[in-house]
Each structure stands twice: as structure tokens, then as C-alpha cells.
Amino acid sequence: MPPPRLLLVLVLAILDGAVSAHGRLLPASDALPRSADDSTAALRLPSESEGCEMTYGFLPCTETAGGNLFLAVAYGFLMFKSATYLSAGSELLLEILGPGVVGGLFLPILGALPDALLILVSGLSGSKEVAQSQVLIGMGLLAGSTVMLLTILWGSCVVVGKCDLSENSTTVDSQDTKAFSLFGSGVSTDLQTSYAARIMAISVLPFIVVQIPSILKLQSGHRLTLLLGLIVAVLLLLTYCLYQIFQPWIQRRKLEYSRLKHVMSGLLKHAQVHTFGRLIDDDGRPNVPVIEKLFHKIDLDNDGSIERGELQAFIVGVNFEDIDLDSNLAADQVMADFDRSHNNFIEKGEFIDGVLRWLEEAKRAVVSSGVYSKKFMDDFHITTRDEHTALLDKDEEDGESIENPTWTCFKAIALLLLGTAMAAAFADPLVDAVHNFSSATNIPSFFISFIAMPLATNSSEAVSAIIFASRKKQRTLSLTFSEVYGGVTMNNTLCLAVFLSLVYIRGLTWDFSSEVLVIFLVCIIMGLFTSFRKTFPLWTCFVAFLLYPLSLILVYILDYKFGWS
């Protein structure tokens, strides 16, 4: 994450480059009338031409396709950074305050804030005619974000998170030996994730409400159904947030995994210091003989397996200097992670495989230190400590204290304010750039916003989801898909409520039947597909991938061949 000063320099450089690139010598037909003594009037900034108006009076603008493409990319990058700051600030705030009101109400709204702001500004300014033209960008973003999450991102998570499927069609965590077997590998999720998929499917109800006049071919009642759809969207949003507050299983799973990761780093750090050599040799490869010595050190009765009591005795000897760790809870988590045979013992092979997985996890988490560094385990422990959060749920064990909570809270608030300010500042210029690029190229703005704008607002969440899925465990995959379904639910409630409010208050025409149909079909197909099963073989990713181009084709055919719009 670049420091604020570097980000400011980047923004100024982008603006200066855009102004320099678009200040141009206008031809006589485009220039304003000038007097005989006005020898410099031919050289004009874009704001001086009749068809180009600077946003806020100082941000650059242009009427050329290339110039608007540059501006769209620049403003899109800034919106991406704002989403990144909001995501980082939200995680820190969750670390301080835990789930409940923060995790269930505040964080989902912050996650959808960039999309909501872009939808809002798409029809907020200008005349009614301009707003009617630009609001199509908001609908394109709404549809594109939902479809991208349920198709490209969902399918990508299946590909990167796939594990071997056992004979009873369940996945074997962290075991991926069948390559790209369409039926022999896949992913599994827990029951709560299927509940999230059902909630997502129900969240399409407001779309159905606003389409009632079109479905029944009524000539009146359009504004009434817009208002009813808005009310339903707001009620569903409140219901979903209340459900998250009182049943915060998504947040709880994230906190549980973060605690396990911190336990892992502490055990590795302790083993590095107190065993008979380095866990990773000079060539960057795991040192299996040292891992075996560690196994025998924990196996106090030398019976060839580690019991829970022996593991807990070893954990008690680990100095977790920055947290007050519950050794019973830590022992349960490590046993669950290592005991693949579910016989309540950790065999030697299971122990070696588990430590190897932990070392690979450490390599991914601490890329900068390198696997040859002697302080590699210290860096991993520091990284997990920074990511660590406390479990505050009443049904769980006491949470772990946060080091320097005042600074963490200040950092979280600063990131949230910076992300919100950037999203509010650059949403309008991005919409203008996309609209002007559409006008310059004659490409419908819906397709541009459908394809490109979700990349700016959802990239950070997509990267995070794919990283989580790559851990190839049911727990992290369940969290990944739950967050995907939660993101779609927020699109169908919060973002749609913003869009319907805009259309209703400004008196715009609701003419988005093809777009609504695409959102409805993708949500219902993927919702039904994921609500009643917990295992998804690799072939299911192609179903998701195929829905993305089919969505674009369907909108094009309905709008430009059948004249729906």
C-alpha cells in the first residue's frame, strides 16, 4: 500500500499528464471566435471547448476516445485504491471491535460503498436527459459486478482451490494430486455457505417487483412499483444486516482462521529456535530430518503418535508474547488441522505433512524475507500477529488481546476516511470518462461499464478471495464463497436501493428489462446450484465461466435485435 505522500504525487502526475496530453490546437471550426489581436486563442485547454467540461472545474477532460480511455484507466485505478483502503480499514476495525454490529452492519456497507457511489453519481448530475443517458453506466456496473462475482470469480476460486475428491465425494484438504480431473477434483464448502447462497437467491426479489408492469404489460404503475421495489430492497438490506449481526458466522470463521494462522506462526518460530536445526535448509527446501526430530520431541511416550495432551503440553511451552493464548483451544485447532485420519492421534506422516503445509503457508505470507533468511520465522510471526484478531462471540472462548489497540483504531479510521474520500471524489470523473469514451467510440456505455468498471471496484476483493481459495481447505473455501455470495447480496439490496432511489427521485424511465433478466438468471441459476450441494467438482467452474459471455450476448440480442431497450 503506497504511503499517502506517494499517492498524492501519483495523482498529481496523472492529472498533469492528462492536461498536457489534452491541451491541443483546435481547428478553426472548433475554435471560439477570436479578435485580430488575440494571437494565442488557438491553443486551448479542454474546458474551453463547448463539448468538454472539467469535473469540479479543474480535473482534465477530453472528447477523444484515447484521452477518455486514459482518464477512465486513471480514475479506475484510483477507485481501485479506494476500495483497497476501505477493505484494509474494515479488517482492522473488525480486529478491534470484532463481529456483531461492526462485522454485520458496518463492514458489508463499506465493502459495497465504491459501487454504490458510482451508481449514485451516474444519474445525479446534469439534466434529466443526461442523467437518463448516464444512468445506464450505473446499471452496467450493477449487473457487471454481480455477474463477475458469480461467474469469473466463482469459477476461478474452484480452479485454484480444488482438492482431490474422495470416494464419498468429499474433498481431502490440501491434497491435489489429480491435476485437472473434471470429476476427480473439486472444492467443498460447509452448510452455512449454502445458507448464504440461499440468501443471495432471495435477494433478487426487488428486481422482480420493479419488473411487474413489464411482466404483466401494464401501461401504468411504473413509479409505484419503483417505490415498492425500493422499500423491499431496503427491508432486505436491513434484514440481512441484522442476520449478520446476530449470526456472524462469516466473520467468526475469518477470525478463527486468523487465530489458527497465528498459532501456526508461533509454533514454527518456537520450533525454529528450540529444535536441532533450521526447519528450512540453505537451499530453501524443508528440512525433513529436523521436522522428524520435532515430532519425537513432542511425542513424550515415544509410541509413534502425538496425543492431544502431548500437543497441548508442547503448546504451553511456547511463548506467545503478544497474546494471551488458550492452550486448550489452540490444541484443538492444531489437532483438527493435522489429524487427517480422524483417529484423535497425529501420526508421524500426518505431522510431517502438516508442518510442510505450514512452511508453504509461511513462504506465501512472507515473500519479501525469502526462504533463506534466518529471521524468516520471525517475519512470519510478525505478519500473522498484525493480521490477528480476537474472537468476541459469546459462545466461543475468550478472545485474544490486540497489541496497541489505540494505534490500530487510528489507522483503521484513517484508511476508512481516505478510501471514502477517494471514492467520493473520483466516482463522478470516472462515470464522465466512461460516458465520453462511449460517445467517442459509439460503444454502448452499458457494455463498457459491465466489463471494465467491476475490475476497478472489485479487484481487491477478488484477489483476496483467490488467495484464500488457494489454501485448499474447506474452512477457507467456505469463507471465500460466503463472501462472494454476501457481495452479490449487497449488490441486490444496497446498490439496487441506491439505483432505485435515483431513478424514482429524478423521475427517470425504468427501461432495463434485459439487464434485470441477466441479473435474475445468473443469481437464480448459481443460487439454486450452490444452495443444495456442498461439493463442486472441477467441471462446475465451466458452467460459471460460460454464464459470463452468455450474459453479454443475451443483453445484446434482447436490446438490439428484439428492441427491449
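Look up: the structure comes first, before these words.
Notes on the structure in this doc start here. The structure displayed is predicted, hence computed values, not measured ones.

The next subject is the nonpolar core. Leu 150, Trp 154, Tyr 485 and Trp 510 are the most contacted members of the largest nonpolar core, which has 101 residues in total. Every residue in contact with Leu 150, bar those within four places of it in the chain, is listed here: Met 200, Val 484, Tyr 485, Val 488, Val 522, Cys 523, Met 526 and Ala 544. Counting residues in hydrophobic clusters, the runner-up holds 31 residues, among them Phe 338, Ile 352, Trp 358 and Phe 380.

A few words on the environment of Pro 429. Within the fold, Pro 429 resides in helix α15 (residues 405-441). Put simply, Pro 429 and Leu 59 are 370 residues apart on the chain and 7.9 Å apart in space, counted from C-alpha to C-alpha. Sequence-distant contacts of Pro 429, that is, excluding residues within four places in its chain, are made with Thr 55, Tyr 56, Leu 59 and Tyr 75.

What follows deals with the packing of aromatic side chains. Tallied over the entire structure, the rule returns 19 aromatic pairs. Ring centres of Trp 154 and Phe 536 lie 5.4 Å apart, and the angle between their planes is 85°; on these two criteria the pair is classed as edge-to-face. Highlighted residues: Trp 154 in helix α4 (residues 128-161) and Phe 536 in strand β7 (residues 535-537), separated in sequence by 382 residues. For the pair shown, Trp 154 and Phe 536 are each scored as buried.

Attention now moves to helix α18 (residues 474-506). The end-to-end C-alpha separation of α18 is 47 Å, in line with the 48 Å expected for 33 residues at 1.5 Å each. Residue Leu 496 marks the point of greatest curvature in α18, where the axis turns by about 35°. Counting buried residues along α18, 25 of its 33 residues qualify, which places the element largely inside the surrounding structure.

Together, Asp 301, Asp 303, Glu 307 and Glu 347 make up a negatively charged patch on the protein surface. By the element assignment, Asp 303 lies in the loop between α10 (288-298) and β5 (305-306). For Asp 303, a relative accessible area of 40% gives the class partly exposed.

All right, on to the pattern of salt bridges then. Enumeration over the complete set of coordinates arrives at five salt bridges. Here Asp 176 makes a salt bridge to Lys 162, at a shortest N to O gap of 3.0 Å. Taken together, the residues Asp 176 in the loop between β3 (163-164) and β4 (185-188) and Lys 162 in the loop between α4 and β3 connect sequence positions 14 residues apart. With a relative accessible area of 30%, Asp 176 lands in the partly exposed category. Under the relative-accessibility criterion, Lys 162 is labelled buried at 3%. Between Lys 473 and Asp 337 there is a salt bridge, and its shortest N-O distance comes to 2.8 Å.

This next bit is on the pairing of β4. Because side chains alternate across β4, one face comprises the buried residues Ser 185 and Val 187, and the other comprises Gly 186 and Ser 188, equally buried. Relative to β7, β4 runs antiparallel, the two being bridged by three bridges. Each residue of the ladder has a partner; that of Ser 188, found in β7, is Thr 535.

Another aspect to go through is unusual backbone geometry. Even without being a glycine, Ala 179 presents a positive backbone phi close to 50°. Phi angles above zero are rare outside glycine, and Asn 302 is one such case at about 55°. Positionally, Asn 302 belongs in the loop between α10 and β5.

Position of Leu 300 relative to the elements: it lies in the loop between α10 and β5. Residue classification places Leu 300 among the exposed positions, given a relative accessible area of 59%. For the pair Leu 300 and Glu 310, spaced ten residues apart in sequence, the C-alpha separation works out to 6.6 Å.

With antiparallel pairing, three strands are arranged side by side in an open sheet as β3-β4-β7. Each having just a single partner strand, β3 and β7 make up the two edges of the open sheet. In the sheet, β3 pairs with β4 via two bridges, with the strands oriented antiparallel. Counterpart to Cys 163 in the pairing with β4 is Gly 186. Against the sheet, α4 contacts β3, β4 and β7, and its axis sits at roughly 115° relative to β4.

The contact between helix α19 (residues 513-531) and helix α20 (residues 540-560) brings their axes to 9 Å, and the two run at 165°. By the angle between their axes, α19 is roughly antiparallel relative to α20. In terms of crossing hand, the pair formed by α19 and α20 is right-handed. Residues Ser 514, Glu 515, Leu 517, Val 518, Leu 521, Val 522, Ile 525, Met 526 and Phe 529 of α19 lie in contact with α20, whose contacting residues are Thr 540, Ala 544, Leu 547, Ser 551, Leu 554, Val 555, Leu 558 and Asp 559. Here the residues of the contact of α19 with α20 sort into twelve nonpolar, three polar and two charged.

This next bit is on the environment of Leu 120. One can find Leu 120 in helix α3 (residues 101-122). Separated by 383 residues in the primary sequence, Leu 120 and Val 503 have C-alpha atoms spaced 9.8 Å apart. Setting aside chain neighbours within four positions, we find Leu 120 in contact with Val 498 and Leu 502.

Turning next to a nonpolar patch on the surface. A contiguous nonpolar surface patch, about 830 Å² in accessible area, is contributed by Leu 546, Leu 550, Ile 553, Tyr 556, Ile 557, Tyr 560, Phe 562 and Trp 564. Mapping Leu 550 onto the fold places it in helix α20.

As a further point, take the packing of α4 against α19. For the pair α4 and α19, interaxial distance at closest approach is 10 Å and the crossing angle is 25°. With respect to α19, the element α4 is oriented roughly parallel. The way α4 lies across α19 gives a crossing that is left-handed. Across the interface between the two elements, Leu 136, Met 139, Leu 142, Ala 143, Thr 146, Val 147, Leu 150, Thr 151 and Trp 154 from α4 touch Glu 515, Val 518, Ile 519, Val 522, Cys 523, Met 526, Phe 529 and Thr 530 from α19.

About the thresholds
Residues numbered from 1 in each chain as written. Predicted model: local features only at pLDDT ≥ 70, side-chain atom pairs only at ≥ 80, totals over all residues. Heavy atoms only, no water. Core = buried A, V, L, I, M, F, W, Y, C linked by side-chain atoms within 4.5 Å. Buried < 20%, exposed > 50% of the residue type's maximum accessible area, 1.4 Å probe, protein only. Contact = heavy atoms within 4.5 Å. Helix = DSSP H or I, 4+ residues; strand = E, 2+ residues; numbered from the N terminus. Phe/Tyr/Trp six-rings, centres within 6.5 Å; stacked < 30°, edge-to-face > 60°. Expected span 1.5 Å × (residues − 1). Bend = angle between axes of the 7 residues up to and from the residue. Patch = residues over 30% accessible without salt bridge, like charges linked within 9 Å, V, L, I, M, F, W, Y side chains within 5 Å. Areas by Shrake-Rupley, 256 points an atom, 1.4 Å probe, with all protein chains shown as cover. Salt bridge = Lys/Arg side-chain N within 4 Å of Asp/Glu carboxyl O. Lys, Arg positive; Asp, Glu negative; His and termini not counted. Charge placed at Lys NZ, Arg CZ, Asp CG, Glu CD. Pairing = 2+ DSSP bridges. Axes fitted to C-alpha atoms, helices over the stretch in contact; angles between N-to-C directions. Parallel < 35°, antiparallel > 145°, perpendicular 65-115°, else oblique. Left-handed = near helix turned anticlockwise from the far one by under 90°. Nonpolar A, V, L, I, M, F, W, Y, C, P; charged D, E, K, R; others polar.

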